[in-house]
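Chains, contacts and geometry: an overview
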Amino acid sequence: MSKIVFRVTNSGGVSYITPFAYYDFETGGTQYVTNVLGTNNYTGSFSSDTDGISNFGLDTDPAFMGSKSVQFPSGFTGRHLSLGTPEERSSWSSLFSGSFSVAAWVYLPQTEGSNYLIQDTRIFGQNLKSNAYGFWFGTDRGKPAVYSRTASEVGTQAAVQRFGNDNSTNYVGWNHFVFVVDGDTSATNRRIKAYINNTDFGYVDESTSNAYFQKLFLDDEFVFFGNPQSANKGEINLDEVSLWSIALSDAQVSTLYNSGNGVNALSALTS
């Protein structure tokens, strides 16, 4: 399948790189998130039984930019926002087959001590069956974390890779998480790099962890925000999520962070 790198838009003589998708969560209801911006208008649907579930869905407090964010509660199993499958929405396959990046503002409200703040909490991923390929990006013990099941791990419990050392840091309030997958499915070694608040946590790959980023995906398994499989270990809010069909550079991550102020992803990165 051919790789769609990015679309360039022009406004006032300045050309911008358009994100693959941009979720500002300003529109939607109890069942759907609508009006997705960027190249792909891939709306999201909330998992069932949203009525009566406290703290799940679009939320007005807190919001990082605009008036709304989406909240995923602590302790509820399977609360997630489904973004369709690659079979239904073919551009997901294009995105995951090459270098891509995920940037999100994440609100962490809990303070549970310096070592175990927000364990094993998922932000974005695709499929988590025990006998198939799957991945997620999130946070674990105050650090950015990634789970990616490689060929040798299919049918086993693949490990969660945390970035940085074991001296976890509490990130309470709004924080800017970025995950960068560098290399396509034909690459010998696909690296995964992570940032929080413009701090570079380095990368994990085959040489550092024996867990290069996976190269196969199931077309019939859905892409998601939140946690479709098990109970979240910590309540989080997401806002201003942008997906990019390129490996973001240090400078581009810094631009999106904008000294903690955030930016409109549609006009953030010049080509």
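The following paragraphs examine the structure supplied in this document. (Residues numbered from 1 in each chain as written. Predicted model: local features only at pLDDT ≥ 70, side-chain atom pairs only at ≥ 80, totals over all residues. Heavy atoms only, no water.)

1. Some words on a negative patch on the surface
There is a patch of like negative charges on the surface, built from Glu87, Glu88, Asp219 and Asp220. Mapped onto the elements of the fold, Asp220 is located in the loop between helix H2 (206–209) and strand E17 (223–226). For Asp220, a relative accessible area of 46% translates into the label partly exposed. (Patch = residues over 30% accessible without salt bridge, like charges linked within 9 Å, V, L, I, M, F, W, Y side chains within 5 Å. Areas by Shrake-Rupley, 256 points an atom, 1.4 Å probe, with all protein chains shown as cover. Salt bridge = Lys/Arg side-chain N within 4 Å of Asp/Glu carboxyl O. Lys, Arg positive; Asp, Glu negative; His and termini not counted. Charge placed at Lys NZ, Arg CZ, Asp CG, Glu CD. Helix = DSSP H or I, 4+ residues; strand = E, 2+ residues; numbered from the N terminus. Buried < 20%, exposed > 50% of the residue type's maximum accessible area, 1.4 Å probe, protein only.)

2. Describing helix H3 (residues 250–257)
Given 3.6 residues per helical turn, the α-helix brings residues three or four places apart onto the same face. Here H3 has its buried residues at Gln252, Val253, Leu256 and Tyr257. Buried residues in H3, looked at end-on, bunch into an arc of 140°, giving them a common side. If you follow the buried residues of H3, they end up packed against strand E2 (14–18), strand E9 (100–108), strand E14 (173–182), strand E15 (191–196) and strand E18 (236–244). Of the residues flanking the end of H3, it is Asn258, one or two places downstream, whose phi is positive at about 50°. (Arc of directions from axis to C-beta. Contact = heavy atoms within 4.5 Å.)

3. Digging into the packing of aromatic side chains
The relation between two aromatic rings is expressed through the spacing of the ring centres and the mutual angle of the planes. If you walk through the whole model with that rule in mind, you get 28 aromatic pairs. Considering the side-chain rings of Trp105 and Tyr257, the 5.9 Å spacing of their centres and the 15° angle between planes classify their relative orientation as stacked. Note that Trp105 is positioned in strand E9 and Tyr257 in helix H3, a separation of 152 residues in sequence. In terms of burial, Trp105 and Tyr257 fall into one category: buried. Between the aromatic rings of Phe135 and Phe137, the centroid separation amounts to 5.3 Å while the plane-to-plane angle is 55°, which identifies the pairing as tilted. (Phe/Tyr/Trp six-rings, centres within 6.5 Å; stacked < 30°, edge-to-face > 60°.)

4. Remarks on the environment of Thr185
With respect to the helices and strands, Thr185 occurs in the loop between E14 and E15. The class for Thr185 is partly exposed, based on a relative accessible area of 29%. Separated by 89 residues in sequence, Thr185 and Phe96 have C-alpha atoms that sit 8.3 Å apart. Sequence-distant contacts of Thr185, that is, excluding residues within four places in its chain, are made with Phe96, Ser97, Arg190 and Lys215.

5. Some thoughts on the pattern of salt bridges
Inspection of every chain in the model, using the stated rule, returns 2 salt bridges. The salt bridge involving Lys193 is made with Asp200; its shortest N-O contact spans 3.1 Å. Judged by its relative accessible area of 23%, Lys193 falls in the partly exposed class. In this structure Asp200 comes out as partly exposed when scored by relative accessible area, which is 37%. Each of Lys193, Asp200 and Asp250 takes part in a single network of salt bridges with overlapping partners.

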